[in-house]
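Next come the chains, spelled out residue by residue.
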Amino acid sequence: MKNTLLANGRRIAYYASGDAAHTVPLVLLHGFCEDASLWRPLLPRLRGVRTLRIDLPGFGASQPPLAPGMAIYADAVCAVLNELGIDRCVLAGHSMGGYAALEFGRHHPERLAGLGLVHSHPFEDTPERKENRQRGIDMVQARKKNLYVAQLFPGLFAPAFAQAHPEVVQALVRNGRRQPVAGIVAALKSMMDRADHTGTLRALQCPVLFLLGEQDTIVPPRQALTAAALPRVADLHVLPGVGHMGMFEAPERTAEILSDFWTFCTRK
Ligand code: MLT
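Residues numbered from 1 in each chain as written. Predicted model: local features only at pLDDT ≥ 70, side-chain atom pairs only at ≥ 80, totals over all residues. Heavy atoms only, no water.

**Structural notes on the overall build of the chain**
Then comes step 1: What the chain contains, in helices and strands, is 11 helices and 8 strands.
Then comes step 2: Summarising its shape, the C-alpha atoms of the chain cover approximately 50 × 45 × 35 Å along the three principal directions.
Then comes step 3: Within the chain, the proportion of its 268 residues that are buried is 58%.
Then comes step 4: Put simply, 76% of the contacts in the chain that link residues at least 6 apart link residues at least 24 apart.
Then comes step 5: With an accessible surface of roughly 11,300 Å², the chain has 52% of that area assigned to carbon and sulfur atoms.
Then comes step 6: Taken as two groups, the 29 positive and 24 negative side-chain charges of the chain have centres that lie 4 Å from each other. (Helix = DSSP H or I, 4+ residues; strand = E, 2+ residues; numbered from the N terminus. Buried < 20%, exposed > 50% of the residue type's maximum accessible area, 1.4 Å probe, protein only. Contact = heavy atoms within 4.5 Å. Areas by Shrake-Rupley, 256 points an atom, 1.4 Å probe, with all protein chains shown as cover. Lys, Arg positive; Asp, Glu negative; His and termini not counted. Charge placed at Lys NZ, Arg CZ, Asp CG, Glu CD.)

In structure tokens form, the structure reads like this:
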């Protein structure tokens with residue numbers, strides 16, 4: 001069921017499932033040009049887990065932010081936790097959602113029982129990536145959103161999966177086209193200007209999950225694995241044959257890893 005609240009003057013939507021008696025939920029943040037529906041393939045496999053899935057500002061049913069910045073996405077997480085009277089959570093983010101989760105971890109480490117980076121990493125953008133993002137902003141603002149989105153999604157999957165399941169790729173393209181220009185532009189600007197979070201990972205007291213795809217070209221495991229040495233406790237998984245989209249490419253394993261991590265972080 002969809003719930004809404006206000007954060008920074010904008011409507012934020014979130015979706016709750018599982019047993020609300022668990023005081024420490026698993027909060028899931030989607031990636032760029034997606035929304036909370038991204039996690040749907042995992043829900044039947046996360047039955048024992050209390051989950052909160054948030055539409056980040058500018059995506060799904062959440063209004064675009066008034067100004068860009070990763071802090072806006074972290075504020076949305078805070079607002080949902082405050083609304084529900086939740087002190088601590090296990091916060092897991094896919095790709096851009098991971099960048100938002102790290103921003104949350106920098107400002108509210110005491111509210112984390114665990115942090116999950118799903119096909120994500122703590123490093124800031126390279127100059128080349130910043131240029132790509134600016135090209136994306138220019139394209140989307142030049143009324144070429146549909147083309148931009150159509151080019152974005154196929155490359156997120158391992159080639160064999162994209163070939164075998166074009167309907168999955170196309171469903172994400174259709175969903176991406178529904179996202180507003182203002183949300184896409186704010187996200188691109190927020191990612192371009194985001195801070196390096198290696199210090200955040202070093203400072204965190206809670207366990208950190210790294211869930212990576214062997215064939216991910218957006219977050220290559222070789223690069224992301226260097227971050228796994230930073231936290232005090234790391235749980236590390238590289239999914240064989242998987243690209244950037246483990247929730248579609250390996251849903252059973254992805255759900256199992258998230259569920260085990262949540263259980264580990266919330267054990268009494
Ligand atoms: C995402 O999937 O959220 C983005 O590809 C992340 C990025 O571009 O850095």
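**Some thoughts on the pattern of salt bridges**
Then comes step 1: A complete count under the given rule lists 4 salt bridges for this structure.
Then comes step 2: Two residues, E252 and R45, come together in a salt bridge whose shortest N-O distance is 3.0 Å. Within this pair, whereas E252 is found in helix 11 (residues 251-266), its partner R45 is found in the loop between strand 3 (26-29) and strand 4 (51-54), the two being separated by 207 residues in sequence.
Then comes step 3: Residue classification places R45 among the partly exposed residues on the basis of a relative accessible area of 37%.
Then comes step 4: Residue D125 is joined to R194 by a salt bridge in which the shortest nitrogen-to-oxygen separation is 2.7 Å. Placement of D125 in the loop between strand 6 (112-118) and helix 3 (127-141) and of R194 in the loop between helix 7 (181-192) and helix 8 (198-203) is noted, with a sequence separation of 69 residues between them. We note that D125, like R194, is buried.
Then comes step 5: It is possible to trace a salt-bridge network through shared partners that takes in D125, R133 and R194. (Salt bridge = Lys/Arg side-chain N within 4 Å of Asp/Glu carboxyl O.)

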